[in-house]
2 protein chains.
Amino acid sequence: MPRTFQGKIRDAQDRSDSALCVGLDPRSDRLPSACRRAAKPFLAFCQQVVDATADLVCAFKPQYACFAATGAFDELRTLIAYIHENHPDVPVILDAKRGDIGDVSALYAKEVFEVFDADAATVNPYLGWDAVEPFTRVPGRGAIVLCHTSNPGSPWLQEFPEGAPVYLRVAERAAKEDAGNLALVVGATFPEQLAAVRAKAPDVPFLVPGVGAQSGDLEAVFANGLAADGSGLVVSASRSVIFAGRGTNWIDGVATAATVLRDDMRRARDAAIAAR
Amino acid sequence: MPRTFQGKIRDAQDRSDSALCVGLDPRSDRLPSACRRAAKPFLAFCQQVVDATADLVCAFKPQYACFAATGAFDELRTLIAYIHENHPDVPVILDAKRGDIGDVSALYAKEVFEVFDADAATVNPYLGWDAVEPFTRVPGRGAIVLCHTSNPGSPWLQEFPEGAPVYLRVAERAAKEDAGNLALVVGATFPEQLAAVRAKAPDVPFLVPGVGAQSGDLEAVFANGLAADGSGLVVSASRSVIFAGRGTNWIDGVATAATVLRDDMRRARDAAIAAR
């Protein structure tokens, strides 16, 4: 039987002993000068980041918007193919925030899984579960559904109404629909809500953004977010890792930042398990 | 002072006396055979649809997913440039359902307004208003925010909770933030909810999908959705218009379907105004 998307993530975590997901969010104005001069600057930059961190991570998460903002669709496609070819054990999550009425969502699933060949995509549940479903029916692939996002404006809709908020409705639905092909986005910047989502969805993996530049607290993330078996967390950092280097040896700074974060996550996980 | 996005729509409606927006949703398996053999099949098909219907519409709405599902990004870009060049009075709404945390949403706004040069995009409010805002600050461009969508699964999140549903929270916010640069997506398949949104957002234009293939009722849409001044509705139809033709003269069927719908909409509008 082929592995599920959750199975891929578990295998990658077992191999690397890492909860770290490196977000590939290239920005023209922050690239090292050598990459800026390359024919395909985003690709040149991300390939080096990928090679330097593949052993330290359980997933890569390219940010669709970064590539789309300059029309660099081919660079995104080539990058994902490069990861599969050179680091076949590392799943690729395309952070694309897709979601539309059912038959249109099916076209987006085609974009994500066929055109870009990602293992999973982030999916927006506003339109309803028919928007999510097309991303869940391809064997080995998955949908990572927005639940409680890390941005300051998220409570306005997601924590509405008080008492029975939308984000917990999404968490309950994911727990009910889960067949090894789902995960939830829960931001590190809202640790109490993270615990509430874990209570509603005990076994669903979380993709947790917001630890690096957005400064969420790792200890709280692991204390509140781990599943009963000590797994269940994929914690992503983007800018704080990929732009950590300076000068010609910039890539060493990237590897160091990723190593430090991976180790911090191991410690936070072990502390959370010990405190039970 | 440059026109706002709403001003562009109003001007296009005054010129055409039409509420019809033709959705450009090409699908490989439904193209006329002559288009299928073209080097750029989606482009060849859509250019003909655009030329045959430009006088009958107040907007065109290319569906991002249709192009993305086959990686036809260049065809989408060329199509929008073609509309601006040949039909400069017809605004282009890119149906892309974008939305992310603020600085990432700003990259999506760059994709929509710079890479694809659309006048507006559909935007998903789940992440909060910081996801919408980047689409509202470019002069002359606009954000069309999902409010109550036309699909059967939409009530699960959008009508939750009973009494003070999410979709009316979105409508109220849009009414408050509107500066000529906003519209709301409200599906024709939910006519009572359309009236409720109009009550909360008296002056915000609506983009109304769901009349053709999804068979919403035009009379109810105009009776419940018109603004006080008799404007405020952009009603979109895609498959029921663009795939209406057969054989070598397929484009005549497209023009006829668009004309019939435009006329039906005029009648429905006039009846709604007369019934006040």
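Nothing here was measured: the structure is a model prediction, and the numbers come from that model.

Asks: What is the right way to read the overall build of chain A from this model?
Replies: When you go through chain A residue by residue, the secondary structure sums to 13 helices and eight strands. A compact globule built from 276 residues would reach a C-alpha radius of gyration of about 19 Å, and chain A, at 18 Å, matches this within 12%. C-alpha atoms of chain A, sized along the principal axes, occupy 50 × 45 × 40 Å. Within chain A, the fraction of its 276 residues that count as buried is 62%. When contacts within chain A are restricted to residue pairs at least 6 apart in sequence, long-range pairs at least 24 apart make up 70% of them. If you sum the accessible surface of chain A, you get close to 10000 Å²; carbon and sulfur atoms cover 49% of it. A gap of 2 Å separates the mean positions of the 28 positive and 34 negative side-chain charges of chain A.

Asks: Before we go on, may I ask you to explain the packing of helix H9 (residues 166-177) of chain A against helix H10 (residues 191-200) of chain A in this structure?
Replies: To describe two helices that pack against each other, one gives the angle between their axes and the distance between the axes. Residues and elements named next belong to chain A. Contact geometry of H9 with H10 gives a least axis separation of 8 Å together with a crossing angle of 35°. Helix-helix and strand crossings are classified by hand; for H9 and H10 the assignment is right-handed. Here Tyr167, Leu168, Ala171, Glu172 and Ala175 of H9 lie close against H10, whose contacting residues are Gln193, Ala196, Val197 and Lys200. Its residues placed into classes, the contact of H9 with H10 shows six nonpolar, one polar and two charged.

Asks: What is the right way to look at the relation of the copies chain B and chain A in this model?
Replies: There are two copies of the chain, and a rotation about an axis plus a shift along that axis relates them. Each copy superposes on the other: chain B lies on chain A with an RMSD of 0.0 Å after a rotation of 180° and an axial shift of 0.0 Å. The symmetry that links the two subunits is that of a two-fold axis. Among all residues of chain B, the minimum C-alpha distance to the rotation axis is found for Tyr126 of chain B, at 3.0 Å. Of the interface residues in chain B, 100% have counterparts in chain A that sit at the interface too, so the contact is made through matching surfaces.

Asks: Can you walk me through the confidence of the model for chain A in this structure?
Replies: Interpreting fine coordinate detail is not advised for predicted regions of low pLDDT. Of all residues in chain A, 98% attain a pLDDT of 70 or more, and the chain-wide mean is 96. Both confidence scores are given for the complex: pTM 0.98, ipTM 0.98.

Asks: What should I look at first to understand the pairing of strand S1 (residues 20-24) of chain B in this one?
Replies: Working note: regular strand, side chains alternate between the two faces of the sheet. All names here are of chain B. When you tally the buried positions in S1, you get five out of five residues, the bulk of the element. Burial of the side chains of S1 extends over both faces: Leu20, Val22 and Leu24 are buried on one face and Cys21 and Gly23 on the other. Where S1 and strand S8 (residues 233-237) come together, three bridges link them in parallel fashion. Paired with Leu20 across the two strands is Val235, which belongs to S8.

Asks: What is the right way to look at the pattern of salt bridges in this model?
Replies: Side chains that carry opposite charge are capable of pairing whenever their charged atoms lie near each other. Within the structure shown, the criterion is met by 39 salt bridges over all chains. Note that Arg239 of chain A and Asp103 of chain B form a salt bridge whose closest N and O atoms lie 3.2 Å from each other. Linking Arg239 of chain A in helix H12 (residues 239-242) with Asp103 of chain B in helix H6 (residues 102-115), this pair reaches from one chain into another. Relative accessible area serves as the criterion here: at 25%, Arg239 of chain A is assigned to the partly exposed category. The partner of Arg266 of chain B in a salt bridge is Asp17 of chain B, and the shortest N-O contact between them spans 3.3 Å. Here Arg266 of chain B is found in helix H13 (residues 250-274), whereas its partner Asp17 of chain B is found in the loop between helix H1 (5-16) and S1, with 249 residues between them in sequence. Under the relative-accessibility criterion, Arg266 of chain B is labelled partly exposed at 24%. It is possible to trace a salt-bridge network through shared partners that takes in Asp17, Arg262, Asp263, Arg266, Arg269 and Asp270 of chain A.

Asks: Is there a simple way to think about the interface of chain B and chain A in this case?
Replies: When the parts come together, some accessible area is lost, and that loss is often what is quoted as the size of the interface. Contacts between chain B and chain A engage 54 residues on the former and 54 residues on the latter. If you look at where chain B meets chain A, you find six salt bridges. In this structure, Lys97 of chain B and Asp100 of chain A form a salt bridge, with 3.0 Å as the shortest nitrogen-oxygen distance. Between the two partners, chain B and chain A, sit 21 residue pairs in polar contact (both at pLDDT 80 or more). If you list the elements that add at least two residues to the side of chain B that touches chain A, you get helix H4 (64-68), strand S3 (93-98), H6, helix H7 (129-132), strand S5 (142-148), helix H8 (155-158) and helix H9 (166-177) of chain B.

Asks: I'm lost on H13 of chain B in this one. Help?
Replies: The periodicity of an α-helix, 3.6 residues per turn, causes residues three or four positions apart to be oriented the same way. A rise of 1.5 Å per residue sets the reference length of H13 of chain B, with its 25 residues, at 36 Å; its end C-alpha atoms lie 36 Å apart and thus fit the reference within 8%. Residues of H13 of chain B that are buried include every one of Trp250, Val254, Ala257, Ala258, Leu261, Arg262, Met265, Ala268 and Ala272 of chain B, and no others.

Asks: Hey, could you run me through unusual backbone geometry in this one?
Replies: Note: most residues except glycine have negative phi, and most peptide bonds are trans. Cis geometry marks the peptide bond from Phe160 of chain A to Pro161 of chain A, where omega comes out at -10°. Position of Pro161 of chain A among the secondary structure elements: in the loop between helix H8 (155-158) and H9. For Asp17 of chain A, which is not glycine, the phi dihedral falls at a positive 45°. Overall, Asp17 of chain A belongs to the partly exposed group, its relative accessible area being 32%. At Lys97 of chain B, a residue that is not glycine, the phi angle is positive and equals roughly 50°. Position of Lys97 of chain B relative to the elements: it lies in strand S3. Relative accessible area serves as the criterion here: at 8%, Lys97 of chain B is assigned to the buried category.

Definitions and cut-offs
- Residues numbered from 1 in each chain as written.
- Chains lettered and ligands numbered in written order.
- Predicted model: local features only at pLDDT ≥ 70, side-chain atom pairs only at ≥ 80, totals over all residues.
- Heavy atoms only, no water.
- Helix = DSSP H or I, 4+ residues; strand = E, 2+ residues; numbered from the N terminus.
- Rg over C-alpha atoms; globule rule 2.2 N^0.38 Å.
- Buried < 20%, exposed > 50% of the residue type's maximum accessible area, 1.4 Å probe, protein only.
- Contact = heavy atoms within 4.5 Å.
- Areas by Shrake-Rupley, 256 points an atom, 1.4 Å probe, with all protein chains shown as cover.
- Lys, Arg positive; Asp, Glu negative; His and termini not counted.
- Charge placed at Lys NZ, Arg CZ, Asp CG, Glu CD.
- Axes fitted to C-alpha atoms, helices over the stretch in contact; angles between N-to-C directions.
- Left-handed = near helix turned anticlockwise from the far one by under 90°.
- Nonpolar A, V, L, I, M, F, W, Y, C, P; charged D, E, K, R; others polar.
- Least-squares fit on C-alpha atoms with pLDDT ≥ 70 in both.
- pLDDT = per-residue confidence, 0-100.
- Pairing = 2+ DSSP bridges.
- Salt bridge = Lys/Arg side-chain N within 4 Å of Asp/Glu carboxyl O.
- Polar contact = N/O pair within 3.5 Å; in protein donor to acceptor, adjacent residues only side chain to side chain.
- Expected span 1.5 Å × (residues − 1).

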